[in-house]
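# Coordinate inspection notes
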Amino acid sequence: MKRLPRLSEKELTVLRLQAQGKSRKETAALLQNSVRTIESNMDAIKAKLGCENLVQVGVLVERLGLLREPAERPPGGEYALLEQITLALKNIIEEYKNY
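Only a predicted model underlies this, so the values are computations on that prediction, with no experimental measurement involved.

Our next topic: the overall build of the protein chain. Looking only at helices and strands, the protein chain has 5 helices and 0 strands in total. Beginning at the N terminus, the succession of helices and strands in the protein chain can be written as α-α-α-α-α. Restricting the contact set of the protein chain to residue pairs at least 6 apart, pairs at least 24 apart contribute 46%. Carbon and sulfur atoms form 54% of the exposed surface of the protein chain, whose accessible area is close to 7000 Å².

This is the structure:
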C-alpha cells in the first residue's frame, strides 16, 4: 500500500478549518493570510493526497481519519460517516456558489 505524504502543520490547520465549514475567506482571516495563500495550501493538500478535487480530499480525509484522534471519532459507524461527508460536501458546494 502506498504511503501518503505527510501534511505540514499549516496544511493540517487549513484542512481542519475547511472541514469545520469555514470559508476560504474566514480561514484566511483566522490565519492572517490571504485567500490566495489558503487556495495555494489547498492545492498543495490536493497534490500531496493525489486528489483532483476537494470532494476527493474530504472523502479521503474522513476515511483515513486524518483530522481526528481515535477517541474523537463519532459513534454510529458508516451512517455517521455518510452524514459527515454529506455535510462537508454541502459546505463545499455552498462556498463555490458564493465564489
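So much for the structure itself; the text now carries on.
Their axes nearest at 10 Å, the elements helix α1 (residues 9–19) and helix α2 (residues 24–31) cross at an angle of 135°. Relative to α2, α1 is oriented oblique. Seen from above, α1 lies across α2 with right-handed handedness. Every residue of α2 that contacts α1 at Lys10, Thr13, Val14, Leu17 and Gln18 is listed here: Arg24, Thr27, Leu30 and Leu31.

Attention shifts here to the nonpolar core. Counting 14 residues, the largest nonpolar core has Leu7, Leu15, Met42, Ile45, Leu49, Val57 and Val61 as its most contacted members. With 4 residues, the top contributor of residues to this core is helix α3 (residues 35–49). With sequence-adjacent residues up to four places away left out, Leu7 is seen in contact with Leu12, Leu15, Ile45, Lys48 and Leu49.

Put simply, α2 and α3 touch, their axes get as near as 8 Å, and they point 105° apart. The angle between α2 and α3 falls in the class roughly perpendicular. Two secondary-structure elements touch here, α2 through Arg24, Lys25, Thr27, Ala28 and Leu31 and α3 through Val35, Ile38 and Glu39. When the residues that make up the contact of α2 with α3 are grouped by side-chain class, the tally is 4 nonpolar, 1 polar and 3 charged.

With that out of the way, let us pick up α2. Listed as buried for α2 are Arg24, Thr27 and Ala28. Summarising the axial view, the buried residues of α2 lie within an arc of 100°, below the 170-degree limit, and thus occupy one face. Opposite its buried face, α2 presents the exposed residues Lys25, Ala29 and Leu30, each directed more than 90 degrees away. Directly after α2, the chain includes Gln32, whose backbone phi takes a positive value near 55°.

What follows deals with the side chain of Gln18. Of note, Gln18 is situated in helix α1. Those residues in contact with Gln18 that lie beyond four places of it in its chain are Ser23, Arg24, Thr27, Met42 and Glu95.

About the thresholds
- Residues numbered from 1 in each chain as written.
- Predicted model: local features only at pLDDT ≥ 70, side-chain atom pairs only at ≥ 80, totals over all residues.
- Heavy atoms only, no water.
- Helix = DSSP H or I, 4+ residues; strand = E, 2+ residues; numbered from the N terminus.
- Contact = heavy atoms within 4.5 Å.
- Areas by Shrake-Rupley, 256 points an atom, 1.4 Å probe, with all protein chains shown as cover.
- Axes fitted to C-alpha atoms, helices over the stretch in contact; angles between N-to-C directions.
- Parallel < 35°, antiparallel > 145°, perpendicular 65-115°, else oblique.
- Left-handed = near helix turned anticlockwise from the far one by under 90°.
- Core = buried A, V, L, I, M, F, W, Y, C linked by side-chain atoms within 4.5 Å.
- Buried < 20%, exposed > 50% of the residue type's maximum accessible area, 1.4 Å probe, protein only.
- Nonpolar A, V, L, I, M, F, W, Y, C, P; charged D, E, K, R; others polar.
- Arc of directions from axis to C-beta.

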